[in-house]
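For reference, the chains in residue letters:
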Amino acid sequence: MFSINCASEADTVRVGKLLAGLLQDGDVVLLDGDLGTGKTTLVIAAATALGADPKEVTSPTFSLMNLYHGRGIEIKHFDLYRINWPEELEDIGFSEYAGHDGITFIEWAELFMEYMPEESLEIRLERDGDGRRLTFVPHGAHYEELCRKVQEKC
């Protein structure tokens, strides 16, 4: 586990782009934090760095899941904020999408941690003065190695 301080939105974008360069097919990124801490900003930066059309990358708060097409990879973007019950996860096909082909980003994962893939990269975003602190928590050996690479490049 380690943290990165982002003094500005541009810093969060930089981390998202860096992360995109390290993610692999099948990776799952869990994003936890209050409203306005930069979860969607991080996803937009990563998805566009992976080749998704920036005009298509938006918060899935109302649609619950957006699907983007990057350069040779599918990007799934969940927002669980409006989900009230675990059964609703199945209604939206969560288990069929999360952690399979492509890269999966899940905002508000902390609401349903027991239903998240066992191996994942959790990023906790918190306000830190005018900026943000991003804490990377790996779940599994693959994500421990991914965290080492992110930390080396920051």
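Residues numbered from 1 in each chain as written. Predicted model: local features only at pLDDT ≥ 70, side-chain atom pairs only at ≥ 80, totals over all residues. Heavy atoms only, no water.

A. Spatial organisation of the sheet that holds strand 2 (residues 28-32). Pairing in this open sheet of seven strands is mixed, and the strands run 1-7-6-2-5-4-3 from one edge to the other. Edge positions in the sheet fall to strand 1 (2-6) and strand 3 (65-69), since each of these pairs with one other strand and no more. Adjacent strand axes in the sheet meet at a mean angle of 20 degrees when their direction is disregarded. Two strands pair when backbone bridges link them, and strand 3 and strand 4 (residues 74-79) are joined in this way by five bridges, in the antiparallel orientation. The partner of Leu 67 across the bridge, within strand 4, is Lys 76. Most of the contacts of helix 1 (residues 9-20) go to strand 1, to which it runs at about 135 degrees, and overall it touches strand 1, strand 2, strand 6 (120-128) and strand 7 (131-139). (Pairing = 2+ DSSP bridges. Helix = DSSP H or I, 4+ residues; strand = E, 2+ residues; numbered from the N terminus. Axes fitted to C-alpha atoms, helices over the stretch in contact; angles between N-to-C directions. Contact = heavy atoms within 4.5 Å.)

B. Spatial organisation of a negative patch on the surface. Taken together, the side chains of Glu 87, Glu 90, Asp 91 and Glu 96 make up a negatively charged region of the molecular surface. Examining the composition of the negative patch, we find that three residues originate from one element, helix 3 (residues 86-91), more than from any other. Structurally, the position occupied by Glu 96 is in helix 4 (residues 94-97). (Patch = residues over 30% accessible without salt bridge, like charges linked within 9 Å, V, L, I, M, F, W, Y side chains within 5 Å. Areas by Shrake-Rupley, 256 points an atom, 1.4 Å probe, with all protein chains shown as cover. Salt bridge = Lys/Arg side-chain N within 4 Å of Asp/Glu carboxyl O. Lys, Arg positive; Asp, Glu negative; His and termini not counted. Charge placed at Lys NZ, Arg CZ, Asp CG, Glu CD.)

C. How the structure looks around the nonpolar core. Membership of the largest hydrophobic core comes to 46 residues, with the highest contact counts inside it found for Leu 80, Phe 105, Ile 106, Ile 123 and Phe 136. Sequence-distant contacts of Phe 136, that is, excluding residues within four places in its chain, are made with Met 1, Phe 2, Ile 4, Val 15, Leu 121, Glu 122, Ile 123, Cys 147 and Val 150. (Core = buried A, V, L, I, M, F, W, Y, C linked by side-chain atoms within 4.5 Å. Buried < 20%, exposed > 50% of the residue type's maximum accessible area, 1.4 Å probe, protein only.)

D. Just the confidence of the model for the chain, in detail. Summary statistics for the chain give a mean pLDDT of 92 and a share of 99% for residues scoring 70 or more. Here helix 4 stands out as the least confident element of the chain, with mean pLDDT 83; strand 2 is the most confident, with 97. (pLDDT = per-residue confidence, 0-100.)

E. Main features of the state of the cysteines. All told, the structure shown has zero disulfides when counted by the stated rule. For the unlinked cysteine Cys 6, the closest cysteine sulfur is that of Cys 154, found at 7.8 Å. For the unlinked cysteine Cys 147, the closest cysteine sulfur is that of Cys 154, found at 10 Å. A residue is classified by how much of its surface remains accessible, and Cys 147, at 5% relative accessible area, is buried. (Disulfide = S-S within 2.5 Å.)

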